[in-house]
Amino acid sequence: GLSHVLTLVLQELSLLCKKDVNGVGMLYDLLKSPWLQALLKIYECLQNYLGKRPVPITVQACALNREVVELLREAPQSGEIKELRRLLRSPHLKAALLTAHDTVAQKDFEPTLPPLPDNIPENEEAMRIVCLVKNKQPLGATIKRHEITGDITVARVIHGGLADRSGLLYAGDKLVEVNGVPVEGLEPEQVINIL
């Protein structure tokens, strides 16, 4: 791998060092440094891991769980079987662990948005739906009314604020709706109260 290539380069550089070629000694020292060697080993380990990424055995663990519970109901009822059925039917296992497993296995992370209508005109502007969870922190953006169109727009995004960190809002973005409330015709102060 990469360590082998580096070893070959170091061998070539050591020959050039003996000939005292300009800057080769510094390059040799850099490539021989322990921190670079450690970084290259980490890089190779990561590349190796990416090549052997674990794959889920099933994407339907919840369905498999229901099947096993049904099979256990028909089995002779010992104390162990009753305990296993109780564990498999517990909401912690079913709702939390198995549902989370299936979501990850199916790579179903994104929210489901309604489909776009078929009759959108070609010259129609694109619209983004943005969801920011504020908690008690400020949004980190200012708004204003556009002088010509009268639309409520993002005036600026404050560096380091929630909007900036999310990367979802940009200066000049037009606000159409905030928290389900249309903002057309509202004053910027009214929109701030909705935010």
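Residues numbered from 1 in each chain as written. Predicted model: local features only at pLDDT ≥ 70, side-chain atom pairs only at ≥ 80, totals over all residues. Heavy atoms only, no water.

Trainee: Mind showing me how you'd approach the overall build of the protein here?
Mentor: The number of helices and strands found in the protein is 8 helices and 4 strands. Mapped from its N terminus to its C terminus, the protein presents α and β elements in the order α-α-α-α-α-α-β-β-α-β-β-α. Excluding contacts between residues fewer than 6 apart, the proportion of contacts in the protein whose partners are at least 24 apart in sequence is 39%. Carbon and sulfur atoms make up 60% of the accessible area of the protein, which amounts to about 15,500 Å² in all. (Helix = DSSP H or I, 4+ residues; strand = E, 2+ residues; numbered from the N terminus. Contact = heavy atoms within 4.5 Å. Areas by Shrake-Rupley, 256 points an atom, 1.4 Å probe, with all protein chains shown as cover.)

Trainee: For this particular structure, what's the right way to read the nonpolar core?
Mentor: Nonpolar side chains in soluble globular proteins generally cluster together in the buried interior. Membership of the largest hydrophobic core is limited to 12 residues, which are L139, I143, I152, V154, L162, A163, L169, L175, V178, V183, L186 and V191. Elements that contribute at least two residues to this core include exactly β2 (152–157) and α7 (162–166). Within the second largest apolar cluster, 5 residues are counted, among which are L6, L10, L36 and L40. (Core = buried A, V, L, I, M, F, W, Y, C linked by side-chain atoms within 4.5 Å. Buried < 20%, exposed > 50% of the residue type's maximum accessible area, 1.4 Å probe, protein only.)

Trainee: How should the side chain of D173 be read in this particular structure?
Mentor: Tracing the chain through its elements places D173 in the loop between α7 and β3 (177–178). Taking relative accessible area as the criterion, D173 reaches 16% and is therefore assigned buried. Aside from chain neighbours lying at most four places away, what touches D173 is R128, I152, T153, V154 and L168.

Trainee: Please explain helix α4 (residues 61–74) as it appears in this structure.
Mentor: Turn by turn, an α-helix covers 3.6 residues, leaving residues three or four places apart pointing in a common direction. Here α4 is 14 residues long and its end C-alpha atoms lie 20 Å apart, about the 20 Å a rise of 1.5 Å per residue gives. Buried residues of α4: A61, C62, N65, V69 and L72, and no others. Buried residues of α4, viewed axially, fall in a sector of 100°; they line one side. Summarising the geometry of α4, the exposed residues directed more than 90 degrees from the buried face are R66, E67, L71 and E74. (Expected span 1.5 Å × (residues − 1). Arc of directions from axis to C-beta.)

Trainee: Explanation requested: helix α5 (residues 79–89) in the structure shown.
Mentor: All buried positions along α5 are accounted for by I81, R85 and L88. Looking down the long axis of α5, one finds its buried residues gathered within 70° of arc, a one-sided arrangement. Seen from the buried face of α5, the exposed residues on the opposite side, beyond 90 degrees, are G79, E80 and K82.

Trainee: Would you mind going over the pattern of salt bridges with me for this structure?
Mentor: Where charged atoms from two side chains of opposite charge come close, those side chains can pair. Scanning the entire structure with this criterion turns up 5 salt bridges. Here R86 makes a salt bridge to E83, at a shortest N to O gap of 2.8 Å. In this pair, R86 and E83 both sit in helix α5, 3 residues apart, roughly one turn of the helix. A salt bridge links K144 to E147; the shortest N-O distance between them is 4.0 Å. Look at K144 and you get partly exposed, because its relative accessible area is 36%. (Salt bridge = Lys/Arg side-chain N within 4 Å of Asp/Glu carboxyl O.)

Trainee: Is there a simple way to explain the side chain of T153 in this structure?
Mentor: Tracing the backbone through its elements, the reader meets T153 in strand β2. Owing to a relative accessible area of 6%, T153 belongs among the buried residues under this scheme. Ignoring sequence-local partners within four residues, the contact set of T153 consists of T142, I143, K144, H146, G172, D173, K174 and L175.

Trainee: Looking at this model, I keep getting lost on the environment of K144. Mind explaining?
Mentor: Mapped onto the elements of the fold, K144 is located in strand β1 (residues 141–145). Between the C-alpha atom of K144 and that of R156, which follows or precedes it by 12 residues, the distance is 9.1 Å. Apart from the residues lying within four places of it in its own chain, the contact partners of K144 are D151, I152, T153, A155 and P188.

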